[in-house]
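# Summary of the model geometry
One-letter residues, chain by chain:
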Amino acid sequence: MEPPVSPGDATPVELELTVENVESALYQLYFDPDMEHKNVAQKWLTQAQASARAWHFCWALLSPDKCEYASLQIPEVQFFGASTLHTKISHHWSDLPADQHESLRMQLLSHILHFSSGPKMVLTRLCVALASMALNLIPQAWSQPVADMVRAFQPQKPDSEDGAGSKASLDPQSHCLALLELLTVLPEEFQSSRLAQARRGQLREALAGEWAVVCPMLRQLLQSQDSSNQVKEKVLRCLSSWVALDVPLGESHELVQDCFTALSNPELFDTAVETIVNAISQPDCQRYVTALVNLLPLVLGLHDQLKTAAQDGDMESSHGICRIAVAMGETHSRVLLEQVDHWQEYLALVNMILFCTGIPGHYPVSETTSSLTLTFWYTLQDDILSFEEDKQAVYLQVYRPIYFQLVDVLLHKSHYPSQEEYESWSSDDKEQFRIYRVDISDTLMYVYEMLGAELLSNLYDRLGRQLMDPQQAAVWQDTEALLFGFQSIAETIDVNYSDVIPGLIGLIPRINISNIMLADTVMYTIGSLAEWLADHPVMLGGILPMVLQGLVKPELSVSSVSTLKRICRECRLDLGPYAQDILTVSQDVLLKEIHKSSQCMWLMQALGFLLSALPAEEILGRLHSLITPHVQQLDTLAQQEPSPTNKQSIIHILGMLSSLFTTLDINRQADGLEGAAGPRLPPSQSTQNPVVVVLQQVFTLIQTILGKWLHDSDVVEAVCGVFDKSVRTLLHDFGPMVAQLSEMLGQIYSAFPQASALDLARQMVHIFAGEEHRISNIRSLIEVLTSTTLNIFQQGPRDHPDIAESFMHLHAQILKRKPDLYLSDQLDVKALFYCGILSVKFPETPTVKAASLFFTEFLSRCKDVPPLGDVLQRDGKMLTETILQAVGGGSPRSLTEHFSEVLLSLNRHCSALLSQWLKEALQTPGFPSAHVSTEQKHTFTQQLLREQTNKRRIKEIVKEFSLLCRGLQGSGYSDY
């Protein structure tokens, strides 16, 4: 049967607010297949909930006999009634007269009793509504809410005019569950409510006082033989909810102890674990040392159950028990360490956690427990090392042996499974295992602080026995794990002074790297020792062949290329004898396309480091031989018609050139010889930089490519990237390219404007703005770029936030490096100012940030450059109004910080004018928002004008005003 009317047939304004129409709207929301109708119904129902009539229709929706259509007798209708009640109580409480509070409370209790047998969703929502009401009334108008709730749920029938409780009183268990639900949601509603700080503190104190009523009742129900598992589970959840209020462990530790008995009940196990963990994880528990010490034997008593679960492969049980042990050990590590009379019990707990770390099985396929324990070892170590020296020595004597055991356990847990088993794992499992090994690596690195050089010696001795002792038939996983341990430590700890590294470097060539996973770790281990090799270059000869051997294997792509890059960066001054081998193998793998694009980029960076350190007379020849095959391929591609395949190949080759030029810096050799980065050599007048020579040779080819691909932003960006990386690396050595590059940039930008061209121009301004013989080229380029971009802004820049951002950054750089360019009649400063104002209004954060930087630089130069000062005098008020409008709600709140920087700059450089502009702008009624009064605007102006230096204070003032303008001050949003 169809309902007589639906919100889809009338607008929300037209539809009268009656119970029948609410029911029809709900019918439409849940059963109408048309999404548009559903959305209209949803919107209308939201408005209905906010209306004053909602206080009345919600009760009708909670009465099943009021539903005219059988199809409407569904829990969702009653749920909406209960949700409406909660909405009204939590958001419109002030609408309800105080003399109706008592009757509302009685009605709510009556309905909770009625729905105690279900539906569960309706019961929970009614309980949340009553909890919200309690939070509005505690403590003045409702001094003992819990006691009153408990009394209302006693088996005798409560007073209610419709006898709603009579049915419920026949079922004591439903009564009990409903009461527990109510007591559970009360603290949860407190936690989720937005409250002023003072009110939150008052309520927390009042609720904590109610714990004295709740705790004995929960304990009685948990101990009672008559309580069903359902009731006991609800008791456990209720306790979890209350401990979040930081109720004192001293008052509830007996109840927490009772929770341990529930761990033997499979149906209650998960909930009991959650409750115990929540209870003992509260930091406030540390004040109740006796209670903690009393709980310790109960945790230790779970060790046998833990061992059995591990033996049986019961992952859920071992996981749960481990969580309890870690919560106790980690949260209260220092407190329990200081209980010297109980040191053996805490040591037993540490050993229990060590068992959890080494639990049998491969993570994450056959166990998920060990990862839970890793942070505990950090905490314990920090606490031990924080004691004064004498006390620390005693603890180290006890715990250092355990940490050596921990290293053994962690290395064992980092073992790969067999190749066959590993290949059967899903990609998700492999990724989780990779992350797990990273976590183990971090732990080993941290543990080194406690164990020191002895740890490295220990690892080295074991590796030596494996590789040198013919009696040791080591499986590859054992060797890999030990190298993994070395690498974990060497990656972050300075091992240059370790006496075992020479021996390790000597052992590595003995390792058979036929297994890919072992070979991978060998590569990473060599990479982690690159700095050591730079200090001991004599050892390079034995190691480099292994790296080059790995370079030709696609499976070792990432590890071998990254290792070669590290060696070339750190040891470049000593690689001369090996340069030919490295270049030959690298060129071979590049031409055979063994590696993916990103690894090819890394490899070119490595070769850039290598070439930089060669004798100057060798560099150009070797550079030519390296890039000629790729330039020839690029030339071939440039002659072909554009296609997606060609595009990717062109971008790839241009990317390789960019990567090479990022690191190929012949001046770096001189820096390296000095041992520290000294002043760069001036550009040689007689010989050009090899990179410049190559760029000049391929310039025509690049122009040919742009001729065919000018409208493809990816290709243009790749071309600009080649020059951008070169400029950044070569700095002034790039000078000979400035004239022709400026001309080309102007041409391509005029034909097809792209942000990458503006970014490259910014780099050129940064480097060459101070060179008089280059400035004419730079000026011409800036005029062309600016003229073209102004046309874009005139046509509407909204679709080009990237161009707006780069344009603002470009002119911010000009203002910083060469502001006298604005003395030229060819640069329309007024139009540029308007572009800045338009950019401030963009919703994209990077664009607004760039525009703010532009205005900050602009304002700082106004006194020195007359054209800038003239524009500011004329249009500064417009800038001020734009910023105020944005702060007042015209732009996302997250951008307020950037607007505050512009206001600070205005105040610093033209305070008197800003005062006048603020006064004129803010006297307009309703500007920048109807939420702020004249007095609040005056206060904001005074506060702002007082601050000319304190950036942090200005941000606070502007943020506060923004919240006022948006009607959010005091709503709780100010904390976000």
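Residues numbered from 1 in each chain as written. Predicted model: local features only at pLDDT ≥ 70, side-chain atom pairs only at ≥ 80, totals over all residues. Heavy atoms only, no water.

Looking at an unreviewed UniProt entry, one finds the protein named Importin-13 and attributed to Stegastes partitus. Recorded in UniProt under Sequence similarities (unreviewed entry), the annotation for the protein is "Belongs to the importin beta family." Under the UniProt heading Subunit (unreviewed entry), the entry covering the protein gives this text: "Interacts with UBC9, RAN, RBM8A, eIF-1A and PAX6." (UniProt positions renumbered as here; feature names shortened; annotations may be inferred.)

### Comments concerning the overall build of the protein
What the protein contains, in helices and strands, is 47 helices and 0 strands. Summarising its shape, the C-alpha atoms of the protein cover approximately 105 × 90 × 65 Å along the three principal directions. Scored against the burial criterion, the 976 residues of the protein give a buried share of 53%. Within the protein, contacts between residues at least 6 apart in sequence are counted, and of these 75% link residues at least 24 apart. When the accessible surface of the protein is summed, it comes to about 42,800 Å², and 50% of that surface belongs to carbon and sulfur atoms. In the protein, 71 side chains carry a positive charge and 113 a negative one; their mean positions are 6 Å apart. (Helix = DSSP H or I, 4+ residues; strand = E, 2+ residues; numbered from the N terminus. Buried < 20%, exposed > 50% of the residue type's maximum accessible area, 1.4 Å probe, protein only. Contact = heavy atoms within 4.5 Å. Areas by Shrake-Rupley, 256 points an atom, 1.4 Å probe, with all protein chains shown as cover. Lys, Arg positive; Asp, Glu negative; His and termini not counted. Charge placed at Lys NZ, Arg CZ, Asp CG, Glu CD.)

### Regarding the packing of aromatic side chains
Summed over the entire model, instances satisfying the criterion amount to 21 aromatic pairs. Centre to centre, the rings of Tyr-363 and Tyr-436 are 4.2 Å apart; their planes meet at 20°, and the pair counts as stacked. Of the two residues, Tyr-363 is situated in the loop between helix H18 (343-357) and helix H19 (374-385) and Tyr-436 in helix H22 (residues 427-451); the sequence distance between them amounts to 73 residues. Judged by relative accessible area, Tyr-436 falls into the buried class, the value being 2%. Aromatic side chains Trp-377 and Tyr-403 sit 5.5 Å apart centroid to centroid with 85° between the ring planes, which places their arrangement in the edge-to-face category. Placement of the pair is Trp-377 in helix H19 and Tyr-403 in helix H20 (residues 389-413), with a sequence separation of 26 residues. You can call Trp-377 buried: its relative accessible area is 1%. These aromatic residues form a ring-pair network of at least three members: Tyr-363, Tyr-416, Tyr-422, Trp-425, Phe-433, Tyr-436 and Trp-476. Over the ring of Trp-142 we find Arg-105; its NZ or CZ atom is 4.4 Å from the centre of that ring. Geometry around Phe-190 places Arg-200 over its ring, the cationic atom sitting 5.0 Å from the centre. (Phe/Tyr/Trp six-rings, centres within 6.5 Å; stacked < 30°, edge-to-face > 60°. Lys NZ or Arg CZ within 6 Å of the ring centre and 35° of its normal.)

### Focus on the environment of Thr-934
Tracing the backbone through its elements, the reader meets Thr-934 in helix H46 (residues 934-946). Each C-alpha atom of the pair Thr-934 and Ile-89 lies 33 Å from the other, and the pair is 845 residues apart in sequence.

### So, the pattern of salt bridges
Considering all chains together, one arrives at 33 salt bridges under this definition. For Asp-148, the salt bridge is made with Arg-105, and the minimal N-O distance between the two is 3.9 Å. One end of the pair, Asp-148, is in helix H7 (residues 145-152); the other, Arg-105, is in helix H5 (residues 101-114), with 43 residues separating them in the sequence. Classification of Asp-148 by relative accessible area gives partly exposed; the value is 22%. The class for Arg-105 is buried, based on a relative accessible area of 14%. Among the ionic pairs, Arg-874 bridges to Asp-875, the shortest N-O distance being 3.9 Å. Within the structure, one salt-bridge network assembled from shared partners comprises Glu-102, Arg-105, Asp-148 and Arg-151. (Salt bridge = Lys/Arg side-chain N within 4 Å of Asp/Glu carboxyl O.)

### Some remarks on helix H28 (residues 540-551)
Taking 1.5 Å of rise per residue, 12 residues should cover 16 Å, and H28 covers 16 Å from first to last C-alpha, within 8% of that figure. Those residues of H28 lying buried are Leu-540, Ile-543, Leu-544, Met-546, Val-547, Leu-548, Gly-550 and Leu-551. Buried positions along H28 lie against helix H25 (501-507), helix H26 (516-528), helix H27 (530-535), helix H29 (557-570), helix H30 (579-591) and helix H31 (597-612). (Expected span 1.5 Å × (residues − 1).)

### What about empty space enclosed by the protein?
Overall, the coordinates contain 1 cavity of 30 Å³ or more when judged by the stated rule. There is about 50 Å³ of room inside the largest cavity. Surrounding the largest cavity, Val-243, Asp-246, Val-247, Pro-248, Leu-249, Ser-252, Ala-279, Gln-282, Asp-284, Cys-285 and Tyr-288 form its lining. Partitioned by chemical class, the residues of the lining of the largest cavity number 7 nonpolar, 2 polar and 2 charged. (1 Å grid on protein atoms, 1.4 Å probe; cavity = no way out; pocket = protein on both sides within 12 Å on 5 of 7 lines; lining within 4 Å. Points joined across faces, edges and corners; volume = space filled by probe spheres on them. Nonpolar A, V, L, I, M, F, W, Y, C, P; charged D, E, K, R; others polar.)

### Focus: the side chain of Thr-479
Looking at where Thr-479 falls in the secondary structure, it is placed in helix H24 (residues 476-490). Here Thr-479 falls in the buried class, since its relative accessible area comes to 6%. A distance of 3.0 Å separates a polar atom in the side chain of Thr-479 from a polar atom in the side chain of Gln-466. (Polar contact = N/O pair within 3.5 Å; in protein donor to acceptor, adjacent residues only side chain to side chain.)

### Examining helix H39 (residues 772-795)
Its 24 residues place the ends of H39 35 Å apart at the C-alpha level, agreeing with the 34 Å of an ideal helix rising 1.5 Å per residue. Following H39 by one or two positions, Gly-796 has its phi on the positive side, about 115°.

### Considerations on the side chain of Ser-370
Mapped onto the elements, Ser-370 comes out in the loop between H18 and H19. Sequence-distant contacts of Ser-370, defined by excluding residues within four places in its chain, comprise Cys-356, Thr-357, Ile-359, Tyr-363, Lys-413 and Tyr-436.

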